[in-house]
Amino acid sequence: MEKSTREALLDAGLDLLGRVGFRAWSMRGVEDEAGVPHGSARHYFGNQRGLIVEVVRHLLDGDLPRPGETPKQQVARWLGPESGRTRARYELIIASFHDPDLAVELVRGRDRFVDILVERGMTSSDATEFVAALDGLVLDALLRRHAPETLDPERIFKRFAAKFP
């Protein structure tokens, strides 16, 4: 199935953000990346602010654990085929330090992740700590440029293994 223009813009926005960073990111660059006419992003999102908020929401929807996905598989996905999206997430986290609206969206996304883990049987405090631990593990792996297959997140998983049904 072919992507809609809106979805193509959101995916292109994430790809570009992960590759060039927040400072070099622009609506025009996103449109070029998506291969759509200039003005398309403005049509769908109103302005750059509207686009970035929707890019954040799109990112966070894709970051959530998939049905039946183990944390180890999720980390491998984040560091493997979705590493550009993962780099985009950290760009957005840094930008959120100076943008309370972005911070609200990112916190909302983390809370959704915690809620899914609670639904799977973890306590809220354990799920919150687990999300933070995964985040630190992934950030460290990106900084060190570790290949996903070389990453052994078992120590973190063992700490929380009893928390999963």
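Residues numbered from 1 in each chain as written. Predicted model: local features only at pLDDT ≥ 70, side-chain atom pairs only at ≥ 80, totals over all residues. Heavy atoms only, no water.

Quick word on the pattern of salt bridges
- This model, assessed by the stated rule, comprises 16 salt bridges.
- Ionic pairing is found between Arg57 and Glu54, a salt bridge with its closest N-O pair at 2.8 Å. Of this pair, Arg57 and Glu54 both sit in helix 4 (residues 48-63), three residues apart, which is roughly one turn of that helix.
- Judged by its relative accessible area of 34%, Arg57 falls in the partly exposed class.
- A salt bridge links Arg110 to Asp135, with the nearest nitrogen and oxygen atoms 3.2 Å apart. Of this pair, Arg110 sits in helix 7 (residues 100-119) while Asp135 sits in helix 8 (residues 124-144), and the two are 25 residues apart along the sequence.
- For Arg110, a relative accessible area of 31% corresponds to the partly exposed category.
- Since its relative accessible area comes to 16%, Asp135 is described here as buried.
- A cluster of three or more residues bridged by salt bridges with shared partners is formed by Arg6, Glu54, Arg57, Glu105 and Arg108. (Salt bridge = Lys/Arg side-chain N within 4 Å of Asp/Glu carboxyl O. Helix = DSSP H or I, 4+ residues; strand = E, 2+ residues; numbered from the N terminus. Buried < 20%, exposed > 50% of the residue type's maximum accessible area, 1.4 Å probe, protein only.)

Considering the layout of surface pockets
- In this structure, the largest pocket spans a volume of roughly 260 Å³.
- Lining the largest pocket we find 13 residues, and of these Arg87, Tyr90, Glu91, Leu142 and Leu143 sit closest to its centre.
- Considering only residue class, the lining of the largest pocket consists of seven nonpolar, two polar and four charged. (1 Å grid on protein atoms, 1.4 Å probe; cavity = no way out; pocket = protein on both sides within 12 Å on 5 of 7 lines; lining within 4 Å. Points joined across faces, edges and corners; volume = space filled by probe spheres on them. Nonpolar A, V, L, I, M, F, W, Y, C, P; charged D, E, K, R; others polar.)

Observations regarding the environment of Met122
- Tracing the backbone shows Met122 in the loop between helix 7 and helix 8.
- In this structure, the C-alpha to C-alpha distance between Met122 and Lys158, residues 36 residues apart in sequence, is 14 Å.

Focus: the environment of Thr5
- If you trace the backbone, Thr5 turns up in helix 1 (residues 5-20).
- Of the residues examined, Thr5 reaches a relative accessible area of 30% and is grouped as partly exposed.
- For Thr5 and Arg28, which are 23 residues apart along the polypeptide, the C-alpha to C-alpha distance reads 14 Å.
- Not counting the four nearest positions on each side in its chain, Thr5 is found in contact with Val36, Ser40 and Tyr44. (Contact = heavy atoms within 4.5 Å.)

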